[in-house]
Amino acid sequence: FNARINKLNLYGNLSFNSVGWRENDSDGTEYRGENKGVNIYTSPTYKSTSSEWFCRLGGIYNIDDKHTLGLDIDGTTWRYKESTNTPSELDNKGVHSNYLSNYYSPDSLSQINVAFNFIRKVSEKGSSLIIDAAYLYSKEKYSEDNYLHSTDVTPAIELKTFDLSQNTNRMATGGLKYKWVVTD
């Protein structure tokens, strides 16, 4: 949207994007030679989803012919999930075993930006003094959750691993600029 109310111009937009897919696969392997009689069959299912939101709001206020204030705020949220579920069968010369392994990885990013500026026009040709400041905040999270399970063997196998990494960033900037226009 974009709206003008007297000396104030407001603007903004909102967007959303989503993508998802699923794939089923199957694979069989028969070993020969020294491992003759060993067969492995897997049937994995892959899933992936991704979604992203973006929002922006801002305004420009014309105080008078020489002074302008501006404020701009935008934010992004992104989520991604990937998972693989793999049931497997192992036949080792007549001894049959079933295994189940799962892989899950949810990742995310959240970010917000805030920017402010003040513009003072110092000449009719367009020379101006600009004071601006900005702040950025972002938080990222990446993780993996893995799982292997089998009760067909003795002793039963159950293996879980989990990994998580997160970081948060903050940054503030400011500046003073002078734009000098010498000719039309």
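Position numbers for residues count from 1 along each chain, tracking the sequence in the order it is written. Local features in a predicted model are, by the rule used here, given only for residues with pLDDT of at least 70; side-chain atom pairs are given and counted only at 80 or more, and totals for whole chains, interfaces and linings are based on all residues. To obtain the side-chain values, all non-hydrogen atoms of the structure were used and water was disregarded.

A. Seen up close, the overall build of the protein. The numbering of helices and of strands both runs from the N terminus, where a helix is a DSSP run of H or I of at least 4 residues and a strand a run of E of at least 2. When helices and strands are tallied, the protein shows zero helices and nine strands. Start at the N end of the protein and walk to the C end: the helices and strands fall as β-β-β-β-β-β-β-β-β. In terms of overall size, the protein is more extended than a compact globule, its C-alpha atoms giving a radius of gyration of 29 Å where 184 residues would be expected to give roughly 16 Å. Working rule for contacts: check all heavy atoms of both residues, and any pair within 4.5 Å makes them a contact. Intrachain contacts of the protein at a sequence separation of at least 6 include 64% that bridge at least 24 residues. By element, 54% of the accessible surface of the protein is carried by carbon and sulfur atoms, the whole surface being about 12800 Å². In this tally Asp and Glu are treated as negative and Lys and Arg as positive; neither His nor the chain ends contributes. The atom standing in for a charge is NZ when the residue is Lys, CZ when it is Arg, CG when it is Asp and CD when it is Glu. In the protein, the 20 positive side-chain charges and the 23 negative ones have mean positions that sit 12 Å from each other. Note that the radius of gyration is over C-alpha atoms, with the globule rule given as 2.2 Å times the number of residues to the power 0.38. Residue burial considers only the protein chains on display, and all accessible areas are found by Shrake-Rupley using a 1.4 Å probe.

B. Region of the structure containing the layout of surface pockets. Taken as a whole, the largest pocket encloses approximately 160 Å³ of empty space. Only protein atoms enter the 1 Å grid, on which a cavity is a set of points fitting a 1.4 Å probe that cannot get out and a pocket is an open set with protein on both sides within 12 Å along at least 5 of 7 lines, lining residues being those with an atom within 4 Å of a point. Forming the walls of the largest pocket are 13 residues, and the residues nearest its centre are Gly70, Leu71, Asp72, Phe116 and Asn117. Among the elements of the structure, β5 (45–62), β6 (67–92), β7 (95–121) and β8 (128–150) are those that each provide at least two residues to the lining of the largest pocket. Of the residues in the lining of the largest pocket, the class split is seven nonpolar, four polar and two charged. Grid points are joined across faces, edges and corners, and a volume is the space filled by probe spheres set on the points. Ten residues, namely Ala, Val, Leu, Ile, Met, Phe, Trp, Tyr, Cys and Pro, are considered nonpolar, four, namely Asp, Glu, Lys and Arg, are considered charged, and the remaining ones, Gly among them, are considered polar.

C. View of the packing of aromatic side chains. Pairing of aromatic side chains requires ring centres within 6.5 Å, counting the rings of Phe and Tyr and the six-membered ring of Trp. Pairs whose planes differ by under 30 degrees are stacked, by over 60 edge-to-face, and all others tilted. One pass over the structure, following the stated rule, counts two aromatic pairs. Judged by centre distance (4.5 Å) and plane angle (40°), the ring pair of Phe16 and Trp53 falls under tilted. Here Phe16 is found in strand β2 (residues 8–24), whereas its partner Trp53 is found in strand β5, with 37 residues between them in sequence. Only protein chains enter the calculation, and the probe is 1.4 Å; a residue is then buried if its accessible area is under 20% of its type maximum, exposed if over 50%, and partly exposed in between. Take Trp53: its relative accessible area is 43%, and that puts it in the partly exposed class. With centroids separated by 6.1 Å and ring planes inclined at 5°, the aromatic side chains of Trp78 and Tyr80 adopt a geometry described as stacked.

D. Representation of the pairing of β8. Looking at chain direction, β7 and β8 are connected through 20 bridges and run antiparallel. From the neighbouring strand, Ser108 faces β8, where its bridge partner is Lys141. The turn linking β7 back onto β8 is made up of six residues, and Gly126 within it adopts a positive phi angle of 120°. For two strands to be treated as a pair, DSSP must find no fewer than two bridges joining them. Bridge analysis of β8 against strand β9 (residues 157–179) gives 23 bridges, and the strand direction is antiparallel.

E. Quick peek at a nonpolar patch on the surface. Each patch is built from residues that are more than 30% exposed by relative accessible area and take part in no salt bridge. Like charges join if they lie within 9 Å; nonpolar side chains (Val, Leu, Ile, Met, Phe, Trp, Tyr) join within 5 Å. Salt bridges are identified by distance alone: a Lys or Arg side-chain nitrogen within 4 Å of an Asp or Glu carboxyl oxygen. Together, Leu71, Ile73, Ile112 and Phe116 line one region of the surface with nonpolar side chains, adding up to about 300 Å² of accessible area. Within the element layout of this structure, Ile112 appears in strand β7.

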